[in-house]
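# Observations on the three-dimensional arrangement
These are the residues of each chain, in order.
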Amino acid sequence: MKSDQKHNDDIAYFIAFCIEAYKNANRMTGGNVSHIFNETGLTNFLAENFEPIHSQSPLWILEEINEYLSTHK
């Protein structure tokens, strides 16, 4: 597998993790969370900032997501 493809896969898995974590924390459906992430640009933000964000704790990531959404709704 090419390293670019692996990197893209890693980003996709990370975004899926973020959707799942946010969904569980807020008792929402995956579809609703995915819609919110896409409509606010959060999906792109997470992909573009994958390197500094993905290694943080799940709690920190949820706080980052909440902060982003509070300023982009």
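Scoring rules and cut-offs
- Residues numbered from 1 in each chain as written.
- Predicted model: local features only at pLDDT ≥ 70, side-chain atom pairs only at ≥ 80, totals over all residues.
- Heavy atoms only, no water.
- Salt bridge = Lys/Arg side-chain N within 4 Å of Asp/Glu carboxyl O.
- Helix = DSSP H or I, 4+ residues; strand = E, 2+ residues; numbered from the N terminus.
- Buried < 20%, exposed > 50% of the residue type's maximum accessible area, 1.4 Å probe, protein only.
- Arc of directions from axis to C-beta.
- Contact = heavy atoms within 4.5 Å.
- Axes fitted to C-alpha atoms, helices over the stretch in contact; angles between N-to-C directions.
- Parallel < 35°, antiparallel > 145°, perpendicular 65-115°, else oblique.
- Left-handed = near helix turned anticlockwise from the far one by under 90°.

## Concerning the pattern of salt bridges
Taken as a whole and assessed by the stated rule, the structure comprises two salt bridges. For K6, the salt bridge goes to D10, with nearest N and O atoms at 3.3 Å. Taken together, the residues span about one helical turn, with K6 and D10 both in helix α1 (residues 3–26) at a distance of four residues. Look at K6 and you get partly exposed, because its relative accessible area is 45%. For D10, a relative accessible area of 27% gives the class partly exposed. Taking the shortest distance from any N to any O, the salt bridge between K23 and E20 comes out at 3.3 Å.

## Focus on helix α2 (residues 30–40)
Taken together, the buried positions of α2 are V33, I36, F37 and T40. Taken end-on, α2 shows its buried residues confined to a sector of 95°, consistent with a single buried face. Against α1, α3 (42–48) and α5 (58–72) lie the buried residues of α2. Looking at the residues trailing α2, positive phi occurs at G41, about 85°.

## Re the packing of α2 against α5
Look at α2 against α5: their axes get within 10 Å of each other, and the N-to-C directions meet at 60°. On the basis of the axis angle, α2 is oblique to α5. In terms of crossing hand, the pair formed by α2 and α5 is left-handed. On α5, the residues that touch I36, F37 and T40 of α2 are I65, Y68, L69 and H72.

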